[in-house]
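Structural overview for review
The primary structure of each chain is shown beneath.
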There are 2 protein chains.
Amino acid sequence: VNAEVLAVGTELLLGQTVDTNSAWLGERLALAGIDCHLQVKVGDNHDRIVAALRAALRRADAVIVCGGLGPTHDDITREAIAEVMGAPLVPDPAVLGRIREMFAERGRTMSANNARQALVPVGARAIPQVIGTAPGLICPVGDKVIYALPGPPHEMREMASREVLPDLVARAGPASVIVSRVLRIWGLAESRVAELLNPRIEALQGAAGGVTIALLASSTEGIRVRLSLRAHSPSAAGEVLDGEEAAVRALLGESVFGVDDQTMEGAVGAALAAVGLTLGLAESVTGGMVASRLVSVPGASAWLAGSVVAYSAEAKRSVLGVPDGPVVSPSAAMAMARGAREVLGADIGVGVTGVAGPASDEGVPVGTVFCGLVTPEGAAPSVRLSLQGDRDQIRQAATMSVLDLLRLRLMHPPEGP
Amino acid sequence: VNAEVLAVGTELLLGQTVDTNSAWLGERLALAGIDCHLQVKVGDNHDRIVAALRAALRRADAVIVCGGLGPTHDDITREAIAEVMGAPLVPDPAVLGRIREMFAERGRTMSANNARQALVPVGARAIPQVIGTAPGLICPVGDKVIYALPGPPHEMREMASREVLPDLVARAGPASVIVSRVLRIWGLAESRVAELLNPRIEALQGAAGGVTIALLASSTEGIRVRLSLRAHSPSAAGEVLDGEEAAVRALLGESVFGVDDQTMEGAVGAALAAVGLTLGLAESVTGGMVASRLVSVPGASAWLAGSVVAYSAEAKRSVLGVPDGPVVSPSAAMAMARGAREVLGADIGVGVTGVAGPASDEGVPVGTVFCGLVTPEGAAPSVRLSLQGDRDQIRQAATMSVLDLLRLRLMHPPEGP
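The structure reproduced in this document is the subject of the present report. Source: prediction; values computed, not measured.

**With respect to the overall build of chain A**
- Of the regular secondary structure elements, chain A holds 14 helices and 17 strands.
- If one aligns the C-alpha atoms of chain A with their principal axes, the spans along those axes are about 80 × 60 × 40 Å.
- Within chain A, the proportion of its 417 residues that are buried is 54%.
- Counting contacts in chain A only where the partners sit at least 6 residues apart, residues at least 24 apart contribute 68% of the total.
- Carbon and sulfur atoms form 54% of the exposed surface of chain A, whose accessible area is close to 16500 Å².
- Taking the average place of the 35 positive charges on the side chains of chain A and the average place of its 44 negative ones, the gap between the two points comes to 2 Å.

**Description of the nonpolar core**
- L279(A), L294(A), V350(A), L279(B), L294(B) and V350(B) are the most contacted members of the largest nonpolar core, which totals 72 residues.
- Excluding anything up to four places from it in sequence, V350(A) contacts L279(A), G280(A), L281(A), A282(A), A337(A), A340(A), C371(A), G372(A), L373(A), V402(A) and L406(A).
- Core analysis: the second largest hydrophobic core is formed by 67 residues, V42(A), A124(A), A148(A) and L69(B) among them.

**Focus: the interface of chain B and chain A**
- Counting residues at the interface gives 63 residues for chain B, matched by 63 residues for chain A.
- Across the chain B to chain A interface the summed buried area is about 4700 Å²; carbon plus sulfur atoms make up 57%.
- Linking chain B with chain A are zero salt bridges, by the criterion used here.
- Viewed at the interface, chain A and chain B are joined by 22 residue pairs in polar contact (both at pLDDT 80 or more).
- Elements with a contribution of two residues or more to the side of chain B that touches chain A: α1 (10–13), α2 (21–31), β2 (38–42), β10 (212–218), α11 (289–295), β14 (304–310), α12 (313–320) and α14 (391–411) of chain B.

**Side note on a positive patch on the surface**
- Positive charge collects at one region of the surface, where R54(A), R58(A), R54(B) and R58(B) lie side by side.
- Going through the elements one at a time, α3 (46–59) of chain A together with α3 (46–59) of chain B are the ones with two or more residues in the positive patch.
- Mapped onto the elements, R58(A) comes out in helix α3.

**A look at the environment of A60(A)**
All names here are of chain A.
- Within the fold, A60 resides in the loop between α3 and β3 (62–66).
- What makes A60 buried here is its relative accessible area of 0%.
- Sequence-wise, A60 and E4 are 56 residues apart; in three dimensions their C-alpha atoms are separated by 6.4 Å.
- Residues in contact with A60, not counting those within four places in the same chain, are N2, A3, E4 and K144.

**Some details on helix α10 (residues 264–275) of chain A**
All names here are of chain A.
- Its twelve residues place the ends of α10 17 Å apart at the C-alpha level, agreeing with the 16 Å of an ideal helix rising 1.5 Å per residue.
- What α10 keeps buried is the set M264, E265, A267, V268, G269, A271 and L272.
- Contacts made by the buried residues of α10 are with β12 (256–259), β13 (279–283), α11 (289–295), β15 (348–354) and α14 (391–411).
- Positive phi shows up at G276, right after α10, with a value of about 70 degrees.

**Description of unusual backbone geometry**
All names here are of chain A.
- With an omega of 10 degrees, the peptide bond running from G357 to P358 counts as cis.
- Among the structural elements, P358 can be located in the loop between β15 and β16 (368–375).
- Positive phi, normally seen in glycine, also occurs at D260, with a value near 55 degrees.
- Phi is positive for E362, close to 50 degrees, though the residue is something other than glycine.
- Its place among the elements puts E362 in the loop between β15 and β16.
- Given the relative accessible area of 44%, E362 is considered partly exposed.

**Focus: the side chain of R116(B)**
Residue and element names in this part refer to chain B.
- Following the sequence through the fold, R116 ends up in helix α6 (residues 112–116).
- Side chain to side chain, R116 and E79 meet in a polar contact 3.4 Å long.
- If sequence neighbours within four positions are ignored, R116 has contacts with P71, T72, H73, D75, R78 and E79.

**What to know about the packing of helix α10 (residues 264–275) of chain B against α14(B)**
Residues and elements named next belong to chain B.
- The interhelical angle for the contact between α10 and α14, taken along N-to-C directions, is 30 degrees, at an axis separation of 9 Å. Between α10 and α14, the angle is such that the two are roughly parallel. α14 is crossed by α10, and the crossing has left-handed handedness. Taking contact as the criterion, the partners of M264, E265, A267, V268, A271, L272 and V275 in α10 are, on α14, M400, L403, D404, L406, R407 and L410.
- Considering only residue class, the contact of α10 with α14 consists of ten nonpolar, no polar and three charged.

**A short note on the sheet that holds strand β1 (residues 3–8) of chain B**
- Within the open sheet, the twelve strands sit side by side as β6(A)-β7(A)-β8(A)-β3(A)-β1(A)-β2(A)-β2(B)-β1(B)-β3(B)-β8(B)-β7(B)-β6(B). Their pairing is mixed. The strands lining the two open edges of the sheet, one partner per strand, are β6 (125–127) of chain A together with β6 (125–127) of chain B. Adjacent strand axes in the sheet meet at a mean angle of 20 degrees, parallel and antiparallel pairs treated alike.
- Packing of helix α2 (residues 21–31) of chain A onto the sheet brings it into contact with β1 (3–8), β2 (38–42) and β3 of chain A together with β2 of chain B, and relative to β1(A) it is tilted by some 165 degrees.

**Thoughts on helix α13 (residues 330–343) of chain A**
- Look at α13(A): 20 Å from first C-alpha to last across 14 residues, which is about the 20 Å you get at 1.5 Å a residue.
- Residues of α13(A) that are buried in the fold lie against β13, α12 (313–320), β15, β16 and β17 (378–386) of chain A.

**Let's talk about the sheet that holds strand β14 (residues 304–310) of chain A**
- One open sheet accounts for ten strands, arranged β17(A)-β16(A)-β15(A)-β13(A)-β14(A)-β14(B)-β13(B)-β15(B)-β16(B)-β17(B); its pairing is mixed. Of all the strands in the sheet, just β17 of chain A together with β17 (378–386) of chain B have a single pairing partner and so form its edges. Geometrically, the sheet is characterised by an average inter-axis angle of 10 degrees between neighbouring strands, direction not taken into account.
- Of the pairings in the sheet, the one linking β15(A) to β16(A) comprises six bridges and is antiparallel in character. Following the sheet pairing, T353(A) is matched in β16(A) by F370(A).

**Some points on the pairing of β1(B)**
Residue and element names in this part refer to chain B.
- Across the six residues that make up β1, a large majority, six, are buried.
- Of the two faces of β1, the one lined by A3, V5 and A7 and the one lined by E4, L6 and V8 are each fully buried.
- Bridge count for β1 against strand β3 (residues 62–66) is five bridges, and the pairing is parallel. When the sheet's bridge partners are listed, A3 is paired in β3 with A62.
- Pairing between β1 and β2: four bridges, direction parallel. Looking at the pairing, L6 lines up with V40 of β2.

**Let's talk about the environment of G378(A)**
- With respect to the element layout, G378(A) can be found in strand β17.
- Sequence-wise, G378(A) and I348(A) are 30 residues apart; in three dimensions their C-alpha atoms are separated by 9.4 Å.

**Some thoughts on the pattern of salt bridges**
- Enumeration over the complete set of coordinates arrives at 39 salt bridges over all chains.
- Residues D242(A) and R181(A) are paired through a salt bridge, measuring 2.8 Å at the closest nitrogen-oxygen approach. Residue D242(A) is found in helix α9 (residues 234–252), and its partner R181(A) is found in strand β9 (residues 177–185); the two are separated by 61 residues along the sequence.
- Notably, a salt bridge pairs D324(B) with R317(B), separated by 3.7 Å at the nearest N-O pair.
- Residue class for D324(B) comes out exposed when judged on its relative accessible area of 69%.
- For R317(B), a relative accessible area of 27% gives the class partly exposed.
- The structure contains a network of salt bridges with shared partners spanning R125(A), E158(A), R162(A) and E163(A).

Calculation notes
- Every chain begins its residue count from 1, and numbering advances along the sequence as written.
- Chain letters and ligand numbers both follow the written order, the letters beginning at A and the numbers at 1.
- Owing to the predicted nature of the model, reporting of local features is limited to residues with pLDDT of at least 70; listing and counting of side-chain atom pairs is limited to 80 or more, with chain, interface and lining totals taken over all residues.
- Hydrogens and waters are ignored; side-chain quantities use all the structure's heavy atoms.
- Strands here mean DSSP runs of E at least two residues long; helices mean DSSP runs of H or I at least four residues long; both are numbered from the N terminus.
- Exposed residues in this analysis have more than 50% of their type's maximum accessible area, buried residues have under 20%, and partly exposed residues fall in between, with area computed by a 1.4 Å probe over protein chains only.
- Any two residues whose heavy atoms approach within 4.5 Å at even a single point are treated as in contact.
- Computed with the Shrake-Rupley method and a 1.4 Å probe, the accessible areas treat only the protein chains shown as cover for residues.
- The positive count covers Lys and Arg only, the negative count covers Asp and Glu only, and His and the chain ends enter neither.
- Here the site of a charge means NZ on Lys, CZ on Arg, CG on Asp, or CD on Glu.
- In this text, buried Ala, Val, Leu, Ile, Met, Phe, Trp, Tyr and Cys residues form a nonpolar core when linked through side-chain atoms within 4.5 Å.
- As a working definition, buried area equals the accessible area (1.4 Å probe) given up by two parts on being put together, with both sides summed.
- Salt-bridge detection follows one rule: a side-chain nitrogen of Lys or Arg within 4 Å of a carboxyl oxygen of Asp or Glu.
- We call two N or O atoms a polar contact when they sit within 3.5 Å, provided that within protein one can donate a hydrogen and the other can accept it, with sequence-adjacent residues counted only if both atoms are side-chain atoms.
- Like-charged residues are merged into a patch within 9 Å and nonpolar side chains (Val, Leu, Ile, Met, Phe, Trp, Tyr) within 5 Å, provided each residue has over 30% relative accessible area and no salt bridge.
- What a helix should span is 1.5 Å times the count of its residues minus one.
- Axis definition: a line fitted to C-alpha atoms, limited for helices to the stretch in contact. Angles are taken between N-to-C directions and run from 0 to 180 degrees.
- Angles are sorted into four bins: roughly parallel if under 35 degrees, roughly antiparallel if over 145, roughly perpendicular if 65 to 115, and oblique for all others.
- Crossing handedness is defined as follows: a turn of the near helix away from the far one that is anticlockwise and smaller than a right angle gives a left-handed crossing, while the clockwise case is right-handed.
- Gly is put with the polar residues, along with every residue not named as nonpolar or charged; the nonpolar set is Ala, Val, Leu, Ile, Met, Phe, Trp, Tyr, Cys and Pro, and the charged set is Asp, Glu, Lys and Arg.
- At least two bridges found by DSSP between two strands are what make those strands a pair.

Honestly, that's just the spatial picture; any functional story needs more than this.
And the structure:
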């Protein structure tokens, strides 16, 4: 069985809303072993939705449509599906009753527009709504099927998990699943990762029914190594992937900072929580970006004291006690780390200073960043980074590098004095 | 002229990467007055990319393909386009030379895979690469055209802005120049902006060959009001748009914070530079996000002293001198503003504290944010905000709100004491 995803909404084409529904469905379809070769976005236009549905049904066994089931005059997915089915729309009394109940529970009056949401093409079945007012639809078209789901992501996900994915899996019969795992890497160039993994990739190409390895690079979030595998069940795949993950980790070592959705800031937060130490930052070139990423981790208050964003040279001297002299230097980074630790009353201090451009500063070239780190055991030598890109990319890469430095230090605390 | 977008990459279909390129291009196409009716995602599969390109060329005048131009064996967009053009791929010496230079500059050796990136279908033209190693392509197919752009968003955006969008606009012909201007709004709900603009929108519908007004809303970047006009020349359009901008500003007042690519942080920076005052921040809930946005403005060191990200209650008390008592309160926000001003030696102090969730804090509901502001003339009353959304959305909206508050205060300095 293969399925396509059709996201409906002019706001998606205009870029006012980024379509995350298709990505989520794509992942779930892969996990369920259902191929998805094409995903399409179309606006709120009857003829174009009808054309997109017909084209998708020519190529695929199933189409999952997201969006356009709401109560406004822009919401026309229901009518488009009815036209493709060649079936009239009739009110479904059970669905209508549920919408009425929902309005009564909220103490509001149901409008005629909301009654439209109870229309179901003859031959189709409504998927009862649990969260919003819009029901979904399962619409047979010959031996193929159109599923319609509401656009709001939490409604869509709930309904897809409850009815659509199980229905698709049942149609596919006993089959295999595709399971992926992503290892996230920082500190190695893409070409170096490829070189290190090459023997493993070549060995796998010889093996039957094995794991495939793919590399995805991003300048600001590092490299992702995707392991994927077709298997009879997720648990069977999980065991094979455990073994493969171990093999890849043996080649890449500690440059692997996370798995799947784990972030660098999450890894640092977990490491700090594990050792029970608090962190104080002094940021110049990153301007609060390191702190902001750490604050995005729920529960950060347990291990993050704060950050002094000392952007001016005066603030570096008066707040952090950085001595006179160049403020983009290894010794300034170290003084910032010491100052942050003291001012914020933290166990660990980290200082980062550098030049993000557009122009060089104090004779230091654009992309140069110094990072200082002080732990209860003492200071580590300052680290010098040479980063590529524009102002924003340099700041983002500096942020990732600083967090990674801290992560590695927390994995290998130095001997005490 | 109408254009479709084709995003290439198996990682997009599997949901490992959310396709934000299509959304960005959709927005820019709309701003350029070019229709975009369909956006498609396809995996790294030669036959399916070829089929998707052919289908798009049947429907549209132009296709913008993103992704699949990299150096690895998965990157096959170039070959698929050559097949659709019916043209062989030949190396472009200028492109090859540039790739070689880039590797030499970085002190690295160019691999044979990177040489593949210099292949160009006969009849196509390479778009020189500025950021990454992948050049883009402009590929005529009969009287239609395929544009190929690299997948990494910053490379894609730079190349699209520099070559693809101007080329598309030129194809639309001199008689059909569409010029747009976007006014950026913060502090008003979308429905309120619609209400205020309605008389003007209705008046324009009566007028011939006039300006059209459209609203685009984003939860974290405010509302954009797009004025667009078909005219004989950009300069003629500019005059009309000047008049229309004035009319819209008269209706929306000071909630207009910028035009086109002007950002809120840019507006604040310009206002600070104009009055010659420096700013010190104290951030809790935003965790450095306000500072980070201000640092992204080149030349920020002239007016930004820094920020104390006091995430823990202790840091608020010890570094900023916030008195005992609740730290998510109007008085704490004010104390933070005073503390930041003093500690950082700045003219203006701003403090922001609040609850981003997931759980409420000190009995204060999620989304509550307090903002304090102290200028040389004295303190303004603290402002309370009630923001919607998840943790990240609340932090981003808080950041915009704080910057906007400062912008408005700088426009209307209070009388001195």
